[in-house]
Amino acid sequence: MTENATNATITCEKFLPHAPAAVWKALTDPDLHARWWAAGDVRPVVGHRFTLDMGNFGSQQCEVTAVDDERLLAYRFAEGTLDTTLTWTLHPEGEGTRLVLTHAGFDLDSPLGRQAHEGMGHGWPHVLNRLETMLHG
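Just so it is clear, the model here is predicted, and its values are computed rather than measured. Numbers given for residues are sequential positions, taken from 1 along each chain in its written order. Per-residue local features of the predicted model are confined to residues with pLDDT of at least 70, and side-chain atom pairs are confined, for both listing and counting, to 80 or more; whole-chain, interface and lining totals are unaffected and use all residues. Side-chain numbers come from the whole structure's heavy atoms, not from hydrogens or water.

**Q** Account for the side chain of His 48, naming residues and giving values.
**A** Mapping His 48 onto the fold places it in the loop between strand 2 (39-40) and strand 3 (49-53). For each residue, the accessible area found with a 1.4 Å probe, counting protein chains only, is set against the maximum for its type, and the residue is called buried under 20%, exposed over 50%, and partly exposed in between. His 48 gets classed as buried once you look at its relative accessible area, which sits at 17%. In what follows, a contact means two residues having at least one pair of non-hydrogen atoms within 4.5 Å. Discounting chain neighbours no more than four positions away, the residues touching His 48 are Asp 41, Val 42, Arg 43, Cys 62, Glu 63 and Val 64. Counting from the N terminus, the helices are DSSP H or I runs at least four residues long and the strands are E runs at least two residues long.

Below, the structure written as structure tokens:
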């Protein structure tokens, strides 16, 4: 996990023994996405707006900001509350994929930003483990 003072960033990476196409599908197919993280109409289309159902944390508004098929998916996350950005980067590695998640823009000057940064810093590794479990089928 990496961070900087008032605009903190969380970075997690995980090697997945699956081809980038399979990992990409898990990130961009709403049915698969709901199985490992949150239900929502995520689509790899710049400008696409969608909502993620985060259970006890409520519905979070998102907007896709960058797409490079099977390489990069970025979207604004929790618009109007956290106002952070999630970037998923896929790097082919041997027979698998190194997935790097960067969650940027936490405002550590606000109580909500500090709480979210701490909670998500601990939570993201578990989410990536659920992704791996789902990919293993």
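**Q** Give me the environment of Asp 83: which residues, what numbers.
**A** With respect to the element layout, Asp 83 can be found in the loop between strand 5 (72-77) and strand 6 (84-93). When residues no more than four places from it in sequence are discounted, the contact partners of Asp 83 are Phe 77, Ala 78 and Gly 105. Distance and chemistry together define a polar contact, namely a pair of N or O atoms within 3.5 Å, with one atom able to donate a hydrogen and the other to accept it when in protein, and with adjacent residues in sequence counting only for side-chain atoms on both sides. At a separation of 2.7 Å, a polar atom in the side chain of Asp 83 contacts the main-chain amide nitrogen of Gly 80.

**Q** Quick one: what's the story with the packing of aromatic side chains, residue by residue and with numbers?
**A** Aromatic rings from Phe, Tyr and Trp, with only the six-membered ring used for Trp, were paired whenever their centres fell within 6.5 Å, and each pair was classed as stacked if the ring planes differed by under 30 degrees, edge-to-face if by over 60, and tilted otherwise. Within this structure, the stated rule accounts for six aromatic pairs. Relative to Trp 88, the ring of Trp 36 has its centre 5.7 Å away and its plane inclined at 90°; by these criteria the two rings are edge-to-face. One end of the pair, Trp 36, is in helix 2 (residues 30-36); the other, Trp 88, is in strand 6, with 52 residues separating them in the sequence. Neither residue differs from the other here; Trp 36 and Trp 88 are each classed as buried. A network of ring pairs unites the aromatic residues Trp 36, Trp 37, Phe 77, Trp 88 and Trp 124 as a single cluster.

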